[in-house]
Amino acid sequence: MKRVAVRGVEWNVWDEGAGAVLLLVHGFPLDHSMWAGQFEPFSTRHRVIAPDLRGFGASSASDESVSMEQFADDLAELLAALKINEPVVFCGLSMGGYIALQFVKKHADRLKALVLCDTRAAADTAEAAANRLSMAQRVLNEGAEIAAAAMAPRLFGKQTAQQQPERVEKVRRVMLSTAPAAIAAAQRGMAARPEMTDYLPQISVPTLVVVGEEDPISPVAEMRQIAESIPGAQFAIISAAGHMAPLENPAAFNAELEKFLASATGSRTATGF
Ligand code: MLT
């Protein structure tokens, strides 16, 4: 892991491999380790960058609220600090996808292609936003256990929960070790995130939309709608997976990502997908 100081944050960044840059942006309240199943296969032909977002994992600092726009600006400057000047493939899961949509809007010149995993374009309803704000306060008062207890049962498909309990436990431990201030800040930022549905037809980079077949948070029908709204977007459903598709079924996810990268960047990994 690399340590990089940018925008008042000491960043913890996975940075391995060479070639077209693949930026992997984690969901909430997680860290770079959710992409463990992608590191080795993709760093054979790509430079894989997977940061811990501001306040998460081993990256420092957090504000009272961090907007999705702010996370996107963070990433643009982080890429610059890593001397990455060419456009990147931005792959974000869930909150990472909310950030990806702001990155498209604000930093289109830095983007070669887009991968939206298990995410949403819609803003929160008033009720969902209010729940997030109350969760933010509870986490600050009572600790990260509250967030872990609420999130963990919703992240994984049935098969993962039954057959890969160690994987589920690892993710739960990441959530438990996340700073309450970072959880609260991101919850507040997600509560205020803009509605992006009407923006989707303006996306003009090659795009892949991927969803786990049992995802209850960003369901298949909603993700299909996102794919249909983005001109030329490809759509893939990952079997035996819920919200954490890249982690739950890396073989199927990687095969889809590899196919997409080959068409979007002309690259091929040595993994034989
Ligand atoms: C995530 O996985 O990042 C969360 O489900 C995002 C959210 O809470 O909306």
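For the structure itself, look to the data block above.
Here we summarise the structure given alongside this text. (Residues numbered from 1 in each chain as written. Predicted model: local features only at pLDDT ≥ 70, side-chain atom pairs only at ≥ 80, totals over all residues. Heavy atoms only, no water.)

### Focus: the side chain of T160
Then, in step 1: Note on placement: T160 falls in helix α6 (residues 158–163).
Then, in step 2: The buried category is assigned to T160, whose relative accessible area is 0%.
Then, in step 3: Aside from chain neighbours lying at most four places away, what touches T160 is P165, V168, A240 and E248. (Helix = DSSP H or I, 4+ residues; strand = E, 2+ residues; numbered from the N terminus. Buried < 20%, exposed > 50% of the residue type's maximum accessible area, 1.4 Å probe, protein only. Contact = heavy atoms within 4.5 Å.)

### A word on the nonpolar core
Then, in step 1: With 96 residues, the main nonpolar core has L22, W35, F90, M95, I99, V115 and I203 as its most contacted residues.
Then, in step 2: Those residues in contact with V115 that sit more than four places away from it in its chain are V89, F90, C91, G92, L208, V210, L257 and F260. (Core = buried A, V, L, I, M, F, W, Y, C linked by side-chain atoms within 4.5 Å.)

### What to know about helix α11 (residues 250–265)
Then, in step 1: Within the sequence span of α11, burial applies to P250, F253, N254, L257, E258, F260, L261, A262, A264 and T265.
Then, in step 2: Of the residues trailing α11, G266 is marked for its positive phi of about 70°.

### Comments concerning unusual backbone geometry
Then, in step 1: The omega torsion across F28 and P29 is -10°, close enough to zero to call that bond cis.
Then, in step 2: For P29, the location among the structural elements is in the loop between β3 (20–25) and α1 (36–43).
Then, in step 3: One non-glycine residue, S94, adopts positive backbone phi at about 55°.
Then, in step 4: For S94, the position within the fold is in the loop between β5 (88–93) and α3 (95–106).
Then, in step 5: For S94, a relative accessible area of 8% translates into the label buried.

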